[in-house]
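Listed below are the residues making up each chain.
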Amino acid sequence: MVIATTPTNITEALEFLSEKDAIIMNGGTDLMVKKKSWSGTIPSFDKSILFINSLKELKQVSTEKNNLIIGSGCTFSQLERSPLVPIYLKVVIREIASPAIRNLATIGGNICNASPAGDILTPLYALDAKLRLVSRNKERIIPIKEFIIGPGKTLLNANELLTEIIIENYNNKKFYYHKLGTRKATALAKASFIGFYEVENNIIRDLRIAFGSVGPVVIKDRDLELTLVGGSIKDTRYKICEIVERYSELIRPINDARSTAKYRKAVCLNLLRNFLLNELSK
Ligand SMILES: Cc1cc2nc3c(=O)[nH]c(=O)nc-3n(C[C@H](O)[C@H](O)[C@H](O)COP(=O)(O)OP(=O)(O)OC[C@H]3O[C@@H](n4cnc5c(N)ncnc54)[C@H](O)[C@@H]3O)c2cc1C
């Protein structure tokens, strides 16, 4: 029998998921579009629905040592207002949809929807964020890069709930972010770029780079980042052609209604060049 339920706590939600093959609904901003029927009629769901947007346990933001822990049910508006959320996430959030959508849309929904254009994924990939997945009898923590395996595809089991997003060493960092969309609000990204950097006495102490909307999943390569860590800004300038070439091989955009593959790639590589040649020395 197909039913809909609104649990009062996580335990009840996990109980339901262990018994029913259900669709988890948070803000519904992706699901209601995906499941829409003919014009004017209400969306149709072929499975039971678990409404989790009233679960307070999923709406907490906290810090523990150097970790920022974000509940999967936090809406983007809530995160925009939270004093614990670093500015680099707020800057990304302010370019997601419109305020009305951000009042409903959750960080957990953005992750589990696994769209290559999901804006919050770009900084989360860059920072190697981890996800806590919980079922009735088990709990596991996995990196976001392993969790998302393709457009719309994740390793979430049917009986699991994403409960938390963990960002280690989350403290404010220098960053460079660009989202390219047709307009400022309510536009999915044609491409996005984020670079985080820590430079001391002209030496790169840390570097994190991710590109969104230009491949089946967000592009992030720790090994490539590490080829620059420990080197000087001058070394980076010498290596620029090689680095751009290597990212060019990883960036595999498509032509679609939003943009062309050629434009997307060119813009991403320009942003990368600007980040490495100009931003790092600021
Ligand atoms: C007009 C409009 C504009 C938009 N603009 C943008 C934009 O600029 N950038 C952008 O990134 N996105 C955009 N979106 C997409 C959407 O708003 C986001 O992806 C949003 O974060 C989804 O969150 P939600 O809570 O509404 O997810 P839902 O629709 O409730 O769920 C999405 C998916 O995640 C699963 N899910 C949700 N929470 C959990 C959980 N805790 N555990 C396990 N599975 C879960 C659901 O089962 C579903 O598969 C836009 C959407 C609309 C309608």
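Residues numbered from 1 in each chain as written. Predicted model: local features only at pLDDT ≥ 70, side-chain atom pairs only at ≥ 80, totals over all residues. Heavy atoms only, no water.

Looking at the largest pocket, its volume works out to about 1,300 Å³. The wall of the largest pocket is formed by 43 residues, among which Asp30, Lys34, Gly109, Cys112 and Asn113 lie closest to the centre. Contributions of two or more residues to the lining of the largest pocket are made by strand 2 (22–25), helix 2 (31–34), helix 6 (107–113), strand 9 (153–154) and strand 10 (161–167). The dominant element in the lining of the largest pocket, judged by the number of residues it contributes, is helix 6, at five residues. Here the lining of the largest pocket is composed, by residue class, of 19 nonpolar, 16 polar and eight charged. Residues lining the lining of the largest pocket come from more than one domain, with at least three contributed by each of domain 1 (4–167) and domain 2 (174–281). Counted as a void, the second largest pocket has a volume near 200 Å³. What lines the second largest pocket is a set of 14 residues, among which Pro116, Ala117, Ile254, Asp256 and Arg258 lie closest to the centre. Residue classes in the lining of the second largest pocket are distributed as seven nonpolar, three polar and four charged. Counting the residues that make up the lining of the second largest pocket, at least three belong to each of domain 1 (4–167) and domain 2 (174–281). (1 Å grid on protein atoms, 1.4 Å probe; cavity = no way out; pocket = protein on both sides within 12 Å on 5 of 7 lines; lining within 4 Å. Points joined across faces, edges and corners; volume = space filled by probe spheres on them. Helix = DSSP H or I, 4+ residues; strand = E, 2+ residues; numbered from the N terminus. Nonpolar A, V, L, I, M, F, W, Y, C, P; charged D, E, K, R; others polar. Domains from an automatic or database assignment.)

What follows is about the pattern of salt bridges. In this structure the tally under the stated criterion is 19 salt bridges. The salt bridge involving glutamate 15 is made with arginine 136; its shortest N-O contact spans 2.9 Å. Pair noted here: glutamate 15 is in helix 1 (residues 10–19) and arginine 136 is in the loop between strand 6 (130–134) and strand 7 (139–143), with a separation of 121 residues, a long-range link. Taking relative accessible area as the criterion, arginine 136 reaches 45% and is therefore assigned partly exposed. Of the charged contacts in the structure, one is a salt bridge between lysine 282 and glutamate 279, with a shortest N-O distance of 2.8 Å. Note on lysine 282: relative accessible area 62%, which makes it exposed. Each member of the salt-bridge network shares a partner with another, and the members are Asp128, Asp206, Arg208, Lys220, Arg222 and Glu225. (Salt bridge = Lys/Arg side-chain N within 4 Å of Asp/Glu carboxyl O. Buried < 20%, exposed > 50% of the residue type's maximum accessible area, 1.4 Å probe, protein only.)

Right, let's talk about the site of the ligand for a bit. Around the ligand, the structure places 32 residues, and the nearest of them are Ile24, Thr29, Asp30, Thr106 and Asp119. Between an oxygen atom of the ligand and a main-chain N or O atom of isoleucine 24, the distance comes to 2.6 Å. Note that an oxygen atom of the ligand is positioned 2.6 Å from one of the side-chain N or O atoms of threonine 106. Relative to its free-state accessible area of 990 Å², the ligand is covered by the protein chains to the extent of 88%. The cavity that encloses the ligand is the largest pocket. Residue assignment for the shell around the ligand shows that the elements contributing at least two residues are strand 2, helix 2, helix 6 and strand 10. Residue contributions to the shell around the ligand peak at five residues, all from helix 6. Classifying every residue of the shell around the ligand gives 17 nonpolar, twelve polar and three charged. Viewed by domain, the shell around the ligand spans two of them, domain 1 (4–167) and domain 2 (174–281), each represented by three or more residues. (Near = heavy atom within 4 Å. Polar contact = N/O pair within 3.5 Å; in protein donor to acceptor, adjacent residues only side chain to side chain. Areas by Shrake-Rupley, 256 points an atom, 1.4 Å probe, with all protein chains shown as cover. Sits in = over half its atoms within 2 Å of the grid points.)

What follows deals with the domain arrangement of the protein chain. Each assigned domain of the protein chain is listed with its residue range as follows: domain 1 (4–167) and domain 2 (174–281). Facing 23 residues of domain 1, the contacting portion of domain 2 comprises 23 residues. In this assembly, domain 1 packs against domain 2 so that about 2,000 Å² is buried in total across both faces, 64% of it on carbon and sulfur atoms. Looking only at domain 1, the three residues that lose the most surface to domain 2 are Glu95, Pro116 and Thr122, adding up to 29% of its buried area. At the boundary of domain 1 with domain 2, the tally comes to three salt bridges. Across the pair aspartate 128 and lysine 220 runs a salt bridge, and its minimum N-O distance is 3.4 Å. Taken together, the connections running from domain 1 to domain 2 amount to eight residue pairs in polar contact (both at pLDDT 80 or more). Elements supplying a minimum of two residues to the side of domain 1 that touches domain 2: helix 4 (87–93), helix 7 (121–126) and strand 8 (148–150). Ranked by the residues each element gives to the side of domain 1 that touches domain 2, the list is headed by helix 7, at five residues. (Contact = heavy atoms within 4.5 Å. Buried area = accessible area lost by both parts, 1.4 Å probe.)

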